[in-house]
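# Per-entry structural report
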Amino acid sequence: MDQSRLRHRYTYAMLFYVVGFAISITIISGLLSDLVEAFHIPPRLEGSMSTTASIGSLLSLVAMLFLQGRVRKDKILTLSAALVVLMLVCKGFAPDYGVLLVCFFLFGIGVGFIDGNCNAFIVDLNGAEAGRYLGALHAFSGLGALLAPLFIQWVRGQLTWRATYFVLAAVVAVPYGVFALTGLYMKKRLRAEAHTEARLTLRDVREYVTDRENIIILLALFLYTCSFNGLIVWIIRYMKVVLNDTVHGAWALAAYWVFAALSRFFAPRLKLPPRKLLLFGVPIGAAALLLGLVTRNPAVIIVCCGIDGLLSGHGVPTLITMGCARYRDRSSLPSSLLVIMMYLAFAAMPAAMAAVAAASSLQQSMYLSVFCALASALVALLLPRRAGARA
C-alpha cells in the first residue's frame, strides 16, 4: 500500500479516536450535578473538578514541549488514552471528594497529552492538506461531544452515576483501541519521517511567544476558549438550577455541538480568510447566546445554542490552524502552546463562573461566556488580514 493511502488510513483512525476523546471530556458536564449532590460540594467549589483536571492537563502540555522529537506522538496518544479510560473507571469507584479530585487530576494529565498531540499528529501526517483535516478532526470531535450529553442522559436514566462512568469507559475504549491497533499496523509500513520531527529548543519557544501575530492568536484563543468552556460545561447545570429544567439542558448542549460540528467541517472549505470567519461568526454567535440567556426560555436557549455553534463553533480549529500555519516543520511547538492557552482558560473559567455564581447568581455567571466571546473578537481585530492564509 502506498504512503498516501497509509496516511489517510491513519488519519481516519485519528478521526474515530477523537470521537471517543470528545465523549470522555464531555462527561463532566453531563454528571456534574450528580457529583455535586453525591459529595455535597458547596457552590464555590463546583468548578474545582474542571479546574483540577485542567491543572493536570497544563502540566502534561508543558512536559510535551520537552518530548518533541524524543517520543513518537502515536505512542503518547495510545498511553494517554489508556490513562483516561482508567481514570473514568476510578471516578466511578471514588469513595470521597479528595480521591475524586486526584482522579480528575490524573484524568487531566491524559487529556492534556491527547489534546496537545492530536492537532500536531494531523499536521505531521497531512502536510499541505492539514487545514482541511484539522477541520475534519474538530468536526468529529464535535460529533462525539454531540452524542455524549444525550447518551449520558439516557445511560444515567437507567443506571447510577457510578455505573454510568463504567459504561462510558467501555464505550470510549473502543475508538482508543482502534487507534492503538492501527498504530501497530503502521509501525512497519509508514515511513518514520511521517511522524517524527526535530527536537525543540528554548530559542524556538522564545521566537514563537515574542512574535506579535502569535501573541494575538494566543490571547484570542484564550478568550474564545473561556467562552466555549463556560457554555459547554455549565449549560446543563444552568438549566437545571435556574430554569428548574432537568431535560432540555442536554438538548441545548447537543444543539450547540450539532451545528459546531457542521461549522468546523465546512468553515475550512469556505473561500474566506480565517480572520473574517472569526470576526463575522464569533460576535453574532455571542449575541445569539445572550438572547437565549435573557429570555430564560428552554426552547429559545436550544435554538440560540445551535446558532452560536453554527456561527462560532469553528473558533478553536480556526485559531489553531492560524497559529500552526508558519510552523509545519515544528508542529508540536505551536500546537502545545495553543493548547496550553486553552487549558489555562479551562482552569480559569470554571473558577471564575463558580465565584460569580456564589457571589451573585448562576444567571449572572453565564454572561461571562458572552463577554469572553466578544472580547476574543475584539482581540482578533488586531490580526493582520493575511493571518492564517498559509494554513
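So, a few notes on the structure that sits alongside this text. (Residues numbered from 1 in each chain as written. Predicted model: local features only at pLDDT ≥ 70, side-chain atom pairs only at ≥ 80, totals over all residues. Heavy atoms only, no water.)

Ranked by internal contacts, the top residues of the largest apolar core, which has 119 residues, are M14, Y17 and I235. Filtering out sequence-adjacent residues up to four positions away, I235 remains in contact with G230, G249, A252, L253, I301 and M366. (Core = buried A, V, L, I, M, F, W, Y, C linked by side-chain atoms within 4.5 Å. Buried < 20%, exposed > 50% of the residue type's maximum accessible area, 1.4 Å probe, protein only. Contact = heavy atoms within 4.5 Å.)

With that settled, consider the environment of G183. One can find G183 in helix 6 (residues 161-186). For G183, a relative accessible area of 12% corresponds to the buried category. Remark: the alpha-carbon pair of G183 and D204, spanning 21 residues in sequence, is separated by 29 Å. (Helix = DSSP H or I, 4+ residues; strand = E, 2+ residues; numbered from the N terminus.)

The next subject is the environment of A380. Here A380 lies in helix 14 (residues 362-380). As for A380 and S60, which are separated by 320 residues in sequence, their C-alpha atoms are 28 Å apart. Not counting chain neighbours up to four residues away, the residues in contact with A380 comprise R275, L278 and L279.

One non-glycine residue, H40, lies in the positive phi region at around 55°. Among the secondary structure elements, H40 is positioned in the loop between helix 1 (3-38) and helix 2 (48-67). For H40, a relative accessible area of 68% corresponds to the exposed category. Phi is positive for N244, which is not a glycine, with a value near 55°. Residue classification places N244 among the exposed residues on the basis of a relative accessible area of 67%.

Attention now moves to the side chain of R264. Considering the arrangement of structural elements, one finds R264 in helix 9 (residues 248-266). We note that R264 is buried and unpaired, the nearest opposite charge coming from D115 at a distance of 8.6 Å. Among the polar contacts made by the side chain of R264, one reaches the main-chain carbonyl oxygen of G313 at a distance of 2.7 Å. If near-sequence neighbours (up to four positions away) are discounted, R264 is found in contact with G135, H138, A139, S141, G142, F228, W257, G313, H314, V316 and P317. (Lys, Arg positive; Asp, Glu negative; His and termini not counted. Salt bridge = Lys/Arg side-chain N within 4 Å of Asp/Glu carboxyl O. Polar contact = N/O pair within 3.5 Å; in protein donor to acceptor, adjacent residues only side chain to side chain.)

Another point: the packing of aromatic side chains. Any pair of aromatic rings gets described here by the distance separating the centres and the angle formed by the planes. A complete count under the given rule lists 14 aromatic pairs for this structure. Between F39 and W161 the ring centres are 5.7 Å apart and the planes differ by 65°, which places this aromatic pair in the edge-to-face class. Separated by 122 residues along the polypeptide, F39 in the loop between helix 1 and helix 2 and W161 in helix 6 bring together distant segments of the chain. Its relative accessible area of 10% is what places W161 among the buried residues. Among the aromatic residues, those joined into a ring-pair cluster are Y10, Y17, F121, Y176 and F179. Here the basic side chain of K91 rests over the ring of F104, its NZ or CZ set 3.8 Å away from the ring centre. K91 extends its terminal NZ or CZ atom over the ring of F107, reaching a point 3.6 Å from the ring centre. (Phe/Tyr/Trp six-rings, centres within 6.5 Å; stacked < 30°, edge-to-face > 60°. Lys NZ or Arg CZ within 6 Å of the ring centre and 35° of its normal.)

Relative to each other, helix 1 and helix 6 sit at 165°, their axes nearing to 9 Å. Classified by the angle between their axes, helix 1 and helix 6 sit roughly antiparallel to one another. Where helix 1 crosses over helix 6, the handedness of that crossing is left-handed. (Axes fitted to C-alpha atoms, helices over the stretch in contact; angles between N-to-C directions. Parallel < 35°, antiparallel > 145°, perpendicular 65-115°, else oblique. Left-handed = near helix turned anticlockwise from the far one by under 90°.)

Next up on the list: the state of the cysteines. A covalent bond between the sulfur atoms of two cysteines is what we call a disulfide. Going through the model one piece at a time under the given rule, you end up with zero disulfides. Between C304, a cysteine without a disulfide, and C305, which holds the nearest cysteine sulfur, the sulfur-to-sulfur distance is 7.3 Å. By relative accessible area, which is 4% here, C304 ends up buried. The structure places no disulfide on C372, whose sulfur is separated from the nearest cysteine sulfur, that of C226, by 4.7 Å. (Disulfide = S-S within 2.5 Å.)

Further remarks concern a nonpolar patch on the surface. Taken together, the side chains of V258, F259, L262, F266 and L310 make up a nonpolar region of the molecular surface, amounting to roughly 400 Å² of accessible area. Structurally, the position occupied by L310 is in helix 11 (residues 298-312). (Patch = residues over 30% accessible without salt bridge, like charges linked within 9 Å, V, L, I, M, F, W, Y side chains within 5 Å. Areas by Shrake-Rupley, 256 points an atom, 1.4 Å probe, with all protein chains shown as cover.)

The end-to-end C-alpha distance of helix 6, which contains 26 residues, comes to 38 Å, matching closely the 38 Å that a straight helix rising 1.5 Å per residue would cover. If you look at helix 6, its biggest bend is around 30°, right at V174, and the proline P175 turns up within four residues after that. (Expected span 1.5 Å × (residues − 1). Bend = angle between axes of the 7 residues up to and from the residue.)

What follows covers the packing of helix 9 against helix 11. Between helix 9 and helix 11, the shortest axis-to-axis distance is 6 Å and the interhelical angle comes to 20°. Judged on the interaxial angle alone, helix 11 and helix 9 are roughly parallel. As helix 9 packs across helix 11, the resulting crossing turns out to be right-handed. For the pair helix 9 and helix 11, the contacting residues are H248, W251, A252, A255, Y256, F259, A260 and S263 in the first and P298, I301, I302, C305, G306, D308, G309 and L310 in the second. The residue makeup of the contact of helix 9 with helix 11, split by class, is eleven nonpolar, four polar and one charged. (Nonpolar A, V, L, I, M, F, W, Y, C, P; charged D, E, K, R; others polar.)

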